[in-house]
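Chain residues, written in single-letter form:
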Amino acid sequence: MKSLFSGLLLACSLPALADDALIARPDVQAFINKVVAEHGLSREAVTSSLQAAEKKPNILTILDRPSTARPWYQFRPAHVNSRLETEGAAFWRQNAAALADAEARYGVDPEAIVAILGIESGYGRNMGSFRVLDALSTIGFDYPRRAAFFQNELAEFLTLAREEKADPQSFKGSYAGAMGMAQFMPSSFRQWAVDGNGDGRRDIWGTPADAIASVANYLKQHGWQHGADIILPVSVNPAMGEKLAAEKFNLHYSAAELRGLGVDMPAGVPDQVQAVVYPLEMQAGVTEYWMGLQNFYTITRYNKSTLYATAVAQLANNIKLRWAMQEAYSGL
């Protein structure tokens, strides 16, 4: 009995010892000092939060195999499919007023907002099951390649929790600490989240109007052009296409310059329009080239992936077609 009791005491003490070990690390102490100095948080509050954080090794495993590392033909089915199209059209109908308001206020097309919310969280169906505190601290202190970014997000998160007057342990999100229907990182929430329904809160978890307005505000602030194309199919010599694709996240060329480099694009694209050419592997060994315009670039500010931006573009188009068809039938 004594041995069992001693074992239980030891087991109960292990989390505390692990927490103390984290706090004692020089890099963690440096982080605490920085957050206290730059964000005005109390040392006691930051230390207490970090003592409550739990390391999640499975997050580190996920980071080493991101979904965007897959070719397009494997990535597309999970992000452009009939379920998201059906749910997207229904979400549009249910939130038509909020989407119309966001379009009028921010100049962002409704289908783009709906597509992003669908891909990010399935319209709130899957907003993540990790405690944000655990996710950000795990990556920030145990994944050196992304440590600086995630330590900054952890600092933003602790500040956010104070601003929202909420317990840092109460927030749930993705394995990377993204939150709510819009899957905003803490820094994005603090900078771009807005109150869409006028109740004084920025609830991107349970209030669709807030999530809609927040996505719209984010896209507007990153250069969204209302009514403009996102992507267009092009043809180009593979050698030139490969060269152009090396700069896939930057709009370095005008349409006129791309035409001069042998890019064949749809008629009517103005010469001055800035664009980027990038490849999509349609099936193993089969590559097509596409041209991303300003709205494509804007979407890559939300998620820096050409696959993600392409999925948003295609899903948005399909949702709009489905929504328009349903609207037409309902008016008969």
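The coordinates are above.
All residue numbers here refer to positions counted from 1 along the written sequence of the relevant chain. Residue-level local features of this predicted model are given only where pLDDT is at least 70; pairs of side-chain atoms are given and counted only at 80 or more, and the full residue set underlies all totals for whole chains, interfaces and linings. Excluding hydrogens and water, the side-chain values take into account all heavy atoms of the structure.

## A few points about the overall build of the protein
Per the secondary structure count, the protein includes 16 helices and six strands. Seen through its principal axes, the protein has C-alpha atoms that stretch 80 × 50 × 40 Å. Counting only residues that meet the buried cut, the protein has 47% of its 332 residues in that class. Residue contacts are counted whenever heavy atoms from the two residues lie within 4.5 Å of one another. Sequence separation of at least 24 residues holds for 67% of the intrachain contacts in the protein that already meet a minimum separation of 6. Exposure was quantified through the Shrake-Rupley algorithm and a 1.4 Å probe, taking into account, for residues, occlusion by the shown protein chains and nothing else. With the model as given, the accessible surface of the protein reaches about 15,900 Å², and the carbon-plus-sulfur share is 54%. When charges are counted, Lys and Arg are positive and Asp and Glu negative, with His and the chain ends excluded. Charged side chains are reduced to one point each, which is NZ for Lys, CZ for Arg, CG for Asp and CD for Glu. Taken together, the 30 basic and 34 acidic charged side chains of the protein have centroids lying 4 Å from each other. Put simply, DSSP H or I for four residues or longer makes a helix, DSSP E for two residues or longer makes a strand, and each gets a number counted from the N terminus. The classification of residues rests on relative accessible area computed with a 1.4 Å probe and restricted to protein chains. Under 20% of the type maximum is buried, over 50% is exposed, and intermediate values are partly exposed.

## Focus on the packing of aromatic side chains
Stacked, tilted and edge-to-face are the three classes applied to pairs of Phe, Tyr and Trp rings, where Trp contributes its six-membered ring and a pair requires centres within 6.5 Å; stacked means planes under 30 degrees apart, edge-to-face means over 60, and tilted covers the rest. Within this structure, the stated rule accounts for 14 aromatic pairs. Between phenylalanine 184 and tyrosine 302, the aromatic rings sit 5.9 Å apart at their centres with planes inclined by 55°, giving tilted as the arrangement. Residue phenylalanine 184 is located in the loop between β2 (172–173) and α11 (186–192), and its partner tyrosine 302 is located in helix α15 (residues 294–302); the two are separated by 118 residues in the primary sequence. Here the aromatic rings of tyrosine 278 and phenylalanine 296 are separated by 4.7 Å at their centres, their planes lie at 20°, and the arrangement is stacked. Of this pair, tyrosine 278 sits in strand β5 (residues 274–283) while phenylalanine 296 sits in helix α15; the two residues are 18 residues apart in sequence, bridging distant segments of the chain.

## Quick word on the side chain of serine 254
Mapped onto the fold, serine 254 is located in strand β4 (residues 253–254). For serine 254, a relative accessible area of 11% gives the class buried.

## Overview of the sheet that holds β4
Two strands qualify as a pair provided DSSP detects at least 2 bridges between them. As summarised here, the arrangement of the four strands in space is β3-β6-β5-β4, forming an open sheet in which the pairing is antiparallel. Two strands bound the open sheet, and with one partner strand each, they are β3 (231–234) and β4. Angular values range over 0 to 180 degrees, each being the angle between N-to-C directions of two axes fitted as lines to C-alpha atoms, with helices fitted over their stretch in contact. Together, β4, β5 and β6 (286–292) form the strand contacts of helix α13 (residues 238–245), whose direction differs from that of β5 by roughly 115°.

## Some points on the pattern of salt bridges
Whenever a carboxyl oxygen of Asp or Glu lies within 4 Å of a side-chain nitrogen of Lys or Arg, that contact is scored as a salt bridge. In this structure the tally under the stated criterion is 15 salt bridges. One salt bridge connects arginine 105 with aspartate 101, and the closest N-O pair in it is separated by 2.9 Å. With arginine 105 and aspartate 101 both in helix α7 (residues 96–106), this residue pair falls four residues apart, about one helical turn. Glutamate 163 serves as the salt-bridge partner of arginine 190, at 2.6 Å between the closest nitrogen and oxygen. Taken as a pair, arginine 190 in helix α11 and glutamate 163 in helix α10 (residues 147–163) lie far apart in primary sequence, 27 residues in all. Its relative accessible area of 29% is what places arginine 190 among the partly exposed residues. Its relative accessible area of 34% is what places glutamate 163 among the partly exposed residues.

## Structural notes on unusual backbone geometry
At tyrosine 123, a residue that is not glycine, the phi angle is positive and equals roughly 60°. Relative to the helices and strands, tyrosine 123 is located in the loop between α8 (110–121) and β1 (130–131). Despite not being glycine, lysine 165 has its phi angle at roughly 55°, a positive value. Its place among the elements puts lysine 165 in the loop between α10 and β2.

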